[in-house]
Amino acid sequence: MDVAIAVNGLDHYFGTGEARKQAIFDVNLRVERGKLTILMGPSGSGKTTVLTLMGCLREVQEGSVNLLGTELNGATEAQLIGLRRRLGFIFQAHNLHESLTATQNVLMGLQVHGRGDDRKQIAAAHHMLALLGLEDRLNYLPGSLSGGQKQRVAIARALVSNPDIVFADEPTAALDKDSGRTVVEMLKALGQERGTTTVMVTHDNRILELADRIVTLEEGRLVKDEFPRGQSLKLVRATET
Ligand SMILES: Nc1ncnc2c1ncn2[C@@H]1O[C@H](COP(=O)(O)OP(=O)(O)OP(=O)(O)O)[C@@H](O)[C@H]1O
């Protein structure tokens, strides 16, 4: 398979000295390019820690994370900056700039990449907002948007740069059933059309059926790895060799 992320023997610790506590234990995972992988598990099982380790948002302490062909354990700051440019992040706390309109917030997702001229960038931002059903909210400030609308602006900001990998932590939590499903269907379509890989942490049972793969963590360990469309882990491993 075409691997976007390969995790091997990943451990992670929080705290120092006597307070040092292991949160992640020997996680091994290969994430296939263009697929939607969901991370599940009880609160405190380590989902966000694994997501942020894979997304270069936390330093890899032990084990290996190979992201888009680059090893993160021991990577230089320049390598990490280069890699982060190829990633999109959608988090629960959407961190929109309150003084910027929806369009301007989405443009932030492009300007850090320094791409294209203004007109093209604005058209891309408007297109992405329209895909998320916000065509009549382009010039609204976050303060005048609902929680679900703000979340969709954050999603547009993450996707507008056409990232190779999208890391999403509870992206549908603030959305009603239909808009939650629409967002996940969009991420799936991006996988099929552009090869975008999505890794998503969710408790939202309503979207599980859309996943290509569901990985379950418990107490920092990977305990289940399922392919809902009947493809078994064994088969995938067999085609790798
Ligand atoms: N910054 C931190 N300092 C100390 N311990 C932490 C820190 N972040 C996470 N932990 C601990 O690591 C473990 C895994 O936390 P993590 O946030 O990854 O779990 P989670 O599965 O994402 O939980 P939730 O579903 O509640 O978001 C927990 O025991 C948590 O208390």
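An account of the accompanying structure is given in this report. What you see is a predicted model; the values in this text were computed from it and never measured.

The subject of this paragraph is the overall build of the protein chain. The secondary structure content of the protein chain amounts to seven helices and 10 strands. The C-alpha atoms of the protein chain give a radius of gyration of 18 Å, which matches the 18 Å a tight globule of 241 residues would have. If one aligns the C-alpha atoms of the protein chain with their principal axes, the spans along those axes are about 45 × 40 × 35 Å. A buried classification covers 37% of the 241 residues belonging to the protein chain.

What follows concerns the site of the ligand. In the vicinity of the ligand, the residues found are Phe14, Gly15, Ala23, Gly41, Ser43, Gly44, Ser45, Gly46, Lys47, Thr48 and Thr49. At three residues, helix H1 (residues 47-54) tops the list of elements feeding residues into the shell around the ligand. For the shell around the ligand, the class distribution of residues is two nonpolar, eight polar and one charged.

Turning next to the pairing of strand S6 (residues 87-90). Burial of the side chains of S6 extends over both faces: Leu87 and Phe89 are buried on one face and Gly88 and Ile90 on the other. Inspection of the sheet shows S6 paired to strand S7 (residues 165-169) by four bridges, in the parallel sense. If you follow Gly88 over to S7, its bridge partner there is Val166.

When the terminal C-alpha atoms of helix H5 (residues 147-159) are compared, their 19 Å separation across 13 residues agrees well with the 18 Å that a helix rising 1.5 Å per residue should span. Along H5, 11 of the 13 residues are buried, which leaves the element largely enclosed by surrounding structure.

One open sheet holds the four strands; their spatial order is S2-S1-S4-S5, and the pairing between them is antiparallel. Across the chains shown, the open sheet's two edge strands, defined by having one partner strand only, are strand S2 (21-32) and strand S5 (70-71). With eight bridges joining them, strand S1 (residues 3-14) and S2 adopt antiparallel strand pairing. The partner of Ile5 across the bridge, within S2, is Val31. Each of S1, S2 and strand S4 (62-67) is contacted by H1, which is oriented at about 125° to S1, the strand it contacts most.

Before going further, it helps to spend a moment on the environment of Arg213. As for its position among the elements, Arg213 is in strand S9 (residues 213-218). Take Arg213: there are 21 C-beta atoms within 10 Å of it, and that puts it in the buried class. Linking Arg213 and Met128, residues 85 residues apart in sequence, is a C-alpha distance of 26 Å. Beyond its immediate sequence surroundings of up to four residues, Arg213 is in contact with Lys35, Thr37, Glu226 and Phe227.

This next bit is on the environment of Thr172. With respect to the helices and strands, the residue Thr172 is situated in the loop between S7 and helix H6 (177-194). Taking the number of C-beta atoms within 10 Å as the measure of exposure, Thr172 has 24 and is therefore buried. Note: C-alpha distance between Thr172 and Ile207 (35 residues apart in sequence) is 8.9 Å. Those residues in contact with Thr172 that lie beyond four places of it in its chain are Gly180, Val183, Val184, Thr202, Asp204 and Ile207.

Spanning 18 residues, H6 covers 25 Å between terminal C-alpha atoms, matching the ideal 26 Å at 1.5 Å per step. Those residues of H6 not exposed but buried are Gly180, Val183, Val184, Leu187 and Leu190. Projection of H6 onto a plane perpendicular to its axis shows the buried side chains occupying an angular sector of 105°, all on one side. Residues of H6 that are exposed and point more than 90 degrees away from the buried face comprise Lys177, Asp178, Ala189, Gln192 and Glu193. If you follow the buried residues of H6, they end up packed against strand S3 (36-40), H5, S7 and strand S8 (197-201). Just downstream of H6 lies Gly195, where phi reads positive at about 80°.

The rules behind each value
- Residues numbered from 1 in each chain as written.
- Predicted model: local features only at pLDDT ≥ 70, side-chain atom pairs only at ≥ 80, totals over all residues.
- Helix = DSSP H or I, 4+ residues; strand = E, 2+ residues; numbered from the N terminus.
- Rg over C-alpha atoms; globule rule 2.2 N^0.38 Å.
- Buried ≥ 20, exposed ≤ 12 C-beta atoms within 10 Å, placed from the backbone.
- Near = placed C-beta within 6 Å.
- Nonpolar A, V, L, I, M, F, W, Y, C, P; charged D, E, K, R; others polar.
- Pairing = 2+ DSSP bridges.
- Expected span 1.5 Å × (residues − 1).
- Contact = placed C-beta atoms within 7 Å.
- Axes fitted to C-alpha atoms, helices over the stretch in contact; angles between N-to-C directions.
- Arc of directions from axis to C-beta.

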